[in-house]
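Chain residues, written in single-letter form:
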Amino acid sequence: MYILPSESKRLFLVPILAVMAIQFLFVRTVSSVNMTNTYLHHKCFVDQGKYEPGSKYEENLYFIIEPIPVTSESFERGTKMEMIGEGPDLISFTLQCRGDISGPRCRSCYATALSALHRRCPGYKGRMIWYDQCILEISTIDSLDKIDYNNNLCVSNAKKMMAHYYSNSDWLDLIHNLTTKAIRHGNSKGMYYAAGETRLGMDNIYAMVQCSFYLSSKDCEKCLRHNIKHYQDCCFNRQGARVLGKSCSFRYEFYPFLLEKSRPKYLKI
């Protein structure tokens with residue numbers, strides 16, 4: 001199973017580019033769908049400062065994070081973005097659940113992520129947390145309609161691909177094909193998402209791509225193409241990897257990792 005950071009044990013994280021806030025995490029492989037909502041990483045945005053108890057910022061914060069019913073449209077879509085306040089009291093709130101996660105599963109991930117953020121980044125105005133099934137960011141920066149290249153997490157398998165796969169681009173072709181499919185058709189849940197599988201030698205490889213609902217199709221493609229190119233040191237020649245960001249994410253594995261394979265947007269080649 002995957003080994004991921006915890007309070008007492010964290011695998012090494014190393015930066016890829018000096019100008020980007022990026023972490024690499026190497027993990028062991030698994031062999032079947034894993035629906036556990038695993039913690040991956042978090043960031044406290046120290047440069048955004050802290051808020052005082054009883055302040056207008058805290059009032060705005062609790063207004064946004066009030067309990068939301070399980071049947072909320074946001075959780076059915078798997079996405080939620082909201083802004084409130086202005087100046088130093090502005091709050092930008094973004095929840096992005098994985099493309100195959102919605103409804104109660106999305107709400108459960110949100111509740112887990114929100115509680116963890118309070119515990120891991122107490123009092124910070126800006127903070128972000130990554131789970132296997134969702135990403136949650138609370139920030140003082142208005143990022144609507146903007147691509148966030150600075151807060152991505154790359155998680156890759158510690159094992160390398162076998163030598164005879166090194167020159168085989170089928171897995172990368174699958175990701176590019178899914179990118180094209182996602183930006184052409186969008187998603188009824190309010191985001192760009194596509195998943196599929198292909199044959200690689202004697203194995204099947206599974207992949208997904210996803211963009212946040214607030215991006216245009218052009219920016220979705222731009223974000224995915226950029227991340228595919230700039231995370232090669234983390235992803236290439238690995239037996240599975242994923243780049244997870246607020247604006248866009250992609251993942252490939254040598255085992256099925258999504259909840260469903262029967263949706264119309266599932267591509268099989």
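Reading guide: rules and limits
- One numbering rule holds for all chains: residues counted from 1, following each sequence as written.
- Owing to the predicted nature of the model, reporting of local features is limited to residues with pLDDT of at least 70; listing and counting of side-chain atom pairs is limited to 80 or more, with chain, interface and lining totals taken over all residues.
- Derived side-chain values reflect all non-hydrogen atoms in the structure, with water molecules and hydrogen atoms excluded from consideration.
- UniProt positions are given in the numbering used here, feature names are shortened, and annotations may be inferred rather than shown by experiment.
- When the centres of two rings from Phe, Tyr and Trp lie within 6.5 Å, Trp using its six-membered ring, the rings pair. Their planes under 30 degrees apart give stacked, over 60 give edge-to-face, and anything left gives tilted.
- We call a charge positioned over a ring when the NZ of a Lys or the CZ of an Arg lies within 6 Å of the ring centre and within 35 degrees of the ring normal.
- We call a pair of cysteine sulfur atoms a disulfide when they lie within 2.5 Å.
- Put simply, DSSP H or I for four residues or longer makes a helix, DSSP E for two residues or longer makes a strand, and each gets a number counted from the N terminus.
- Only protein chains enter the calculation, and the probe is 1.4 Å; a residue is then buried if its accessible area is under 20% of its type maximum, exposed if over 50%, and partly exposed in between.
- Strands pair, by our definition, only if DSSP identifies at least two bridges between them.
- Here an axis means a line fitted to C-alpha atoms, over the contact stretch when the element is a helix, while the angle between two N-to-C directions is reported on a 0 to 180 degree scale.

Under an unreviewed UniProt entry, the name given to the protein chain is Gnk2-homologous domain-containing protein, and the organism recorded is Brassica cretica. Annotation of the protein chain in UniProt includes, under Sequence similarities (unreviewed entry), the sentence "Belongs to the cysteine-rich repeat secretory protein family." You can read under Subcellular location (unreviewed entry) in the UniProt record for the protein chain the words "Secreted".

### Some remarks on the packing of aromatic side chains
A full pass over the atoms with the stated rule returns 5 aromatic pairs. Through successive ring pairs, a cluster of aromatic residues spans Phe 75, Phe 93 and Tyr 110. Positioned over the ring face of Tyr 124 is Lys 50, at 4.7 Å from the centre of the ring. We note Arg 120 situated over the ring of Tyr 39; from NZ or CZ to the ring centre the distance is 3.9 Å.

### Considerations on the state of the cysteines
A covalent bond between the sulfur atoms of two cysteines is referred to as a disulfide. For the structure shown, the criterion picks out 6 disulfides. A sulfur-sulfur separation of 1.9 Å characterises the disulfide bridge that pairs Cys 154 with Cys 234. Taking the torsion about the sulfur-sulfur bond, which here is approximately -95°, the covalent link between Cys 154 and Cys 234 counts as left-handed. Pair noted here: Cys 154 is in strand β7 (residues 152-157) and Cys 234 is in helix α6 (residues 232-235), with a separation of 80 residues, a long-range link. In this structure Cys 154 comes out as buried when scored by relative accessible area, which is 0%. Given the relative accessible area of 0%, Cys 234 is considered buried.

### A few points about the sheet that holds strand β4 (residues 91-97)
In space, the 5 strands of this open sheet follow the order β2-β5-β6-β4-β3, with antiparallel pairing throughout. The two strands at the open ends of the sheet, each matched to only one other strand, are β2 (39-50) and β3 (79-84). Each adjacent strand pair in this sheet contributes to an overall mean axis angle of 5°, direction not counted. Pairing of strand β5 (residues 124-131) with strand β6 (residues 134-139), which is carried by 4 bridges, proceeds in the antiparallel orientation. Its bridge partner being in β6, Ile 129 is matched across the sheet by Leu 136.

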